Protein chains: 2
Amino acid sequence: MIKAVVIGTGKVARHLVGAFKNSEKVRVVQVAGRNKQALEYFSAEVHTTTDLNNLSIADIYILALSDDAIGPVSARLPENDAMYVHTSGSTPMQSLSRHKRTGVFYPLQTFSLESRVNFREVPICLEAGNEEDMSLLEVVAQNISDKIYQVNSDQRSQLHLAAVFVNNYVNHLYHIGHTICRENDLPFEILRPLIRETSAKIEYLEPFEAQTGPARRGDLGTIQKQIDQLKDPLHQSLYQQISESIQSTYASEL
Amino acid sequence: MIKAVVIGTGKVARHLVGAFKNSEKVRVVQVAGRNKQALEYFSAEVHTTTDLNNLSIADIYILALSDDAIGPVSARLPENDAMYVHTSGSTPMQSLSRHKRTGVFYPLQTFSLESRVNFREVPICLEAGNEEDMSLLEVVAQNISDKIYQVNSDQRSQLHLAAVFVNNYVNHLYHIGHTICRENDLPFEILRPLIRETSAKIEYLEPFEAQTGPARRGDLGTIQKQIDQLKDPLHQSLYQQISESIQSTYASEL
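In this report, the structure presented in the accompanying data block is examined. (Residues numbered from 1 in each chain as written. Chains lettered and ligands numbered in written order. Predicted model: local features only at pLDDT ≥ 70, side-chain atom pairs only at ≥ 80, totals over all residues. Heavy atoms only, no water.)

Considerations on the interface of chain A and chain B
Step number 1: The interface of chain A with chain B comprises 86 residues on the first partner and 86 residues on the second.
Step number 2: Both faces considered, chain A and chain B share a buried interface measuring about 8700 Å² in area, 63% of it formed by carbon and sulfur atoms.
Step number 3: Inspection of the region where chain A meets chain B yields four salt bridges.
Step number 4: The salt bridge partner of Arg196(A) is Glu203(B), with a shortest N-O separation of 2.8 Å.
Step number 5: Every element with two or more residues in the side of chain A that touches chain B is listed here: helix H5 (153–183), helix H6 (192–201), helix H7 (207–210), helix H9 (220–229) and helix H10 (233–249) of chain A.
Step number 6: Tallying contributions element by element places H5(A) first for the side of chain A that touches chain B, with 25 residues.
Step number 7: Each residue belonging to the side of chain A that touches chain B can be placed in one class, and the counts come to 41 nonpolar, 31 polar and 14 charged. (Contact = heavy atoms within 4.5 Å. Buried area = accessible area lost by both parts, 1.4 Å probe. Salt bridge = Lys/Arg side-chain N within 4 Å of Asp/Glu carboxyl O. Helix = DSSP H or I, 4+ residues; strand = E, 2+ residues; numbered from the N terminus. Nonpolar A, V, L, I, M, F, W, Y, C, P; charged D, E, K, R; others polar.)

As structure tokens, then:
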């Protein structure tokens, strides 16, 4: 049995501990965090501590922390022969370099406190300093997910950037759609089937092929009309910018 | 039985005719189009014609045409007491005003030739000149969909704009994510679960609440780092623009 200690009490920590609950080969023996109240979520099922000097012995320490906290917390951890990994998309593995054996265990998904995620579908991006450590990470990851990728620090940072576009930025476009509906007495639910189909379509079509709409057609009349319809100047310039980016993407076709 | 003639042979026409196939109260008696080859798709199941002077008698004529074609084709249609509707999101009902009874039958979905759509889930936005005509449109719409909305021309034009954001523009962000993956030897499939969850999340959370990421947190360090990571200047200014729009949306919280 591989013993793991999770350091952190946020969304990623919660989902990871939940995923390991039914794992055959990995057992979370402790959760550590400075916030007593946040630790209560875990305390019924696993030992908890607020004291980093009081960590249980484990094979792997998983720092499920915000980017800013990884370096400082790492500096306060014991030096031993265990493996230390963080779960961040945008932090290099080197941020853990004071430990002998380091790695990254980055689950590429948006986690919220409200919803359950089927962790077997969550891609886990792994990085380690050598093959032996990678093998350990693979065993740990395979226990909770079917989608394991080896991704180095440069790639991971680019992947995180791509994730900002397809997750954070896409959600902001949903928000703009929501705003337009509200301003015109239209229920947002009217857009939901379209939103679902737009994301489903790229399961079988590359986004480049799936593109439709006035910008793709170079329909300048409709583009100008729609810019004029927008009330918020920031939404106007955003419309213009995306429209230009689409027109440039397909410029050779028009 | 309500008799319908569909004028047009594109994606919307195909999906509509397919949806009416099992309808109890509506029968498509003819499909008209100028392109003989495109008409072949329909000819096994329904009468077809390339001659607008040879249209069958019907209760409703559905112009499933591109925005530009609606006016010119309408001008060539016979004058009678039937109802004439178009299927466009951005064209006012008035574009059909030479007919006595006019309306709009706008299915709000992205249709492709490749995929089947469950039409019962497709919102249909209806507009008509009077209550009697609206009743006819409602019967026709309810035969193929469970989601019927009354939407006037102003609202529909705003709805179409919202649809551009949540469909066309969202898809372009998927394309940027795809490009970043390709440039860094990463499989795009690694982003798919995130894309699915991002669109699923807003089924139970408003997009305003669902927003996460560096721009939402006002994390200027990460924002600048990510802009520097982008290779395409258009993607850089687009990143900046969306980031500013998000920061402005949550400005009062920071």
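As for the packing of H5(A) against H10(A)
All names here are of chain A.
Step number 1: Relative orientation of the contacting elements H5 and H10 amounts to 125°, with a least axis distance of 12 Å. Between H5 and H10, the angle falls in the class oblique. H5 and H10 meet at a crossing whose hand is left-handed. Residues His172, Leu173 and Ile176 of H5 form the contact with H10, whose participating residues are His235, Leu238 and Ile242.
Step number 2: For the contact of H5 with H10, the residue count by class is four nonpolar, two polar and no charged. (Axes fitted to C-alpha atoms, helices over the stretch in contact; angles between N-to-C directions. Parallel < 35°, antiparallel > 145°, perpendicular 65-115°, else oblique. Left-handed = near helix turned anticlockwise from the far one by under 90°.)

Quick look at the relation of the copies chain A and chain B
Step number 1: The operation relating chain A to chain B is a screw motion whose rotation component is 180°, with 0.0 Å of axial translation and a residual RMSD of 0.0 Å. Such a turn and shift between the copies fits a two-fold axis. Among all C-alpha atoms of chain A, that of Val170(A) lies closest to the rotation axis, at 2.7 Å.
Step number 2: With an isologous cut-off of 70% or more, the 100% of interface residues of chain A that recur at the interface of chain B puts this contact in the isologous class. (Least-squares fit on C-alpha atoms with pLDDT ≥ 70 in both.)

Describing the sheet that holds strand E3 (residues 47–49) of chain A
Residues and elements named next belong to chain A.
Step number 1: If you walk across this open sheet you meet the eight strands as E3-E2-E1-E4-E5-E6-E7-E8, and the pairing is mixed. Looking at which strands have only one partner, the edges of the open sheet turn out to be E3 and strand E8 (148–150). Direction aside, neighbouring strands of the sheet carry axes that sit 25° apart on average.
Step number 2: Examined bridge by bridge, strand E1 (residues 2–7) and strand E2 (residues 26–32) share six bridges and lie parallel to one another. Across the sheet, residue Val5 finds its bridge partner in E2, namely Gln30.
Step number 3: Against the sheet, helix H4 (residues 131–142) touches E1, E2, strand E4 (60–63), strand E5 (83–86), strand E6 (101–107), strand E7 (124–128) and E8, its axis set at about 160° to E7. (Pairing = 2+ DSSP bridges.)

Here we look at the environment of Ile190(B)
Step number 1: The topology assignment puts Ile190(B) in the loop between helix H5 (153–183) and helix H6 (192–201).
Step number 2: In this structure Ile190(B) comes out as buried when scored by relative accessible area, which is 0%.
Step number 3: A sequence separation of 118 residues divides Ile190(B) from Pro72(B), and the C-alpha atoms of the two residues are 47 Å apart.
Step number 4: With residues near it in sequence (within four places) discarded, Ile190(B) still touches Leu108(A), Pro123(A), Cys125(A), Tyr149(A), Val151(A) and Leu159(A). (Buried < 20%, exposed > 50% of the residue type's maximum accessible area, 1.4 Å probe, protein only.)

As for the pattern of salt bridges
Step number 1: Enumeration according to the criterion identifies 21 salt bridges over all chains in this entry.
Step number 2: Arg217(A) is the salt-bridge partner of Asp219(A), the closest N and O atoms lying 3.4 Å from each other.
Step number 3: For Lys100(B), the salt bridge is made with Asp81(B), and the minimal N-O distance between the two is 2.5 Å. Residue Lys100(B) is found in the loop between strand E5 (83–86) and strand E6 (101–107), and its partner Asp81(B) is found in the loop between helix H3 (67–75) and E5; the two are separated by 19 residues along the sequence. The exposure classification of Lys100(B) matches that of Asp81(B), with both residues exposed.
Step number 4: Sharing partners across several salt bridges, the network here consists of Glu121(A), Lys147(A), Glu203(A) and Arg196(B).

Description of the sheet that holds strand E8 (residues 148–150) of chain B
All names here are of chain B.
Step number 1: Spatial ordering of the open sheet is given by E3-E2-E1-E4-E5-E6-E7-E8, a layout of eight strands whose pairing is mixed. Either end of the sheet is taken by a strand with one partner, and the two such strands are strand E3 (47–49) and E8. Taking each pair of neighbouring strands and ignoring which way they run, the sheet shows an average axis angle of 25°.
Step number 2: Packed onto the sheet, helix H1 (residues 11–20) meets strand E1 (2–7), strand E2 (26–32), strand E4 (60–63) and E6 and runs at close to 150° relative to E2.

Quick word on H6(B)
Step number 1: Of all 10 residues in H6(B), seven are buried, a share of seventy percent or more.
Step number 2: Turning to H6(B), its buried residues are Pro193(B), Leu194(B), Ile195(B), Glu197(B), Thr198(B), Ser199(B) and Lys201(B).
Step number 3: Looking at the buried side of H6(B), the elements it contacts are H5 and H6 of chain A together with H5 and helix H7 (207–210) of chain B.

Here's the deal with the packing of aromatic side chains
Step number 1: Per the stated rule, a full pass over the model turns up 14 aromatic pairs over all chains.
Step number 2: A ring pair is formed by Phe111(A) and Phe119(A), whose centres lie 5.8 Å apart and whose planes are at 15°; its orientation type is stacked.
Step number 3: Considering the side-chain rings of Tyr41(B) and Phe42(B), the 5.0 Å spacing of their centres and the 85° angle between planes classify their relative orientation as edge-to-face.
Step number 4: Tyr41(B) sits in the partly exposed class, given a relative accessible area of 46%. (Phe/Tyr/Trp six-rings, centres within 6.5 Å; stacked < 30°, edge-to-face > 60°.)

Focus on unusual backbone geometry
Step number 1: The backbone of Asp185(A) shows a phi angle near 55°, a positive value even though the residue is not glycine.
Step number 2: Along the chain, the position of Asp185(A) falls in the loop between H5 and H6.

Some details on the state of the cysteines
As used here, a disulfide is simply a covalent bond connecting the sulfur atoms of two cysteines.
Step number 1: Scanning the model with the defined rule gives zero disulfides over all chains in all.
Step number 2: No disulfide involves Cys181(A); its sulfur sits 9.8 Å from the nearest other cysteine sulfur, which is in Cys125(B).
Step number 3: For Cys181(A), a relative accessible area of 1% corresponds to the buried category. (Disulfide = S-S within 2.5 Å.)

Note that all results are geometric; they support no functional claim without further evidence.
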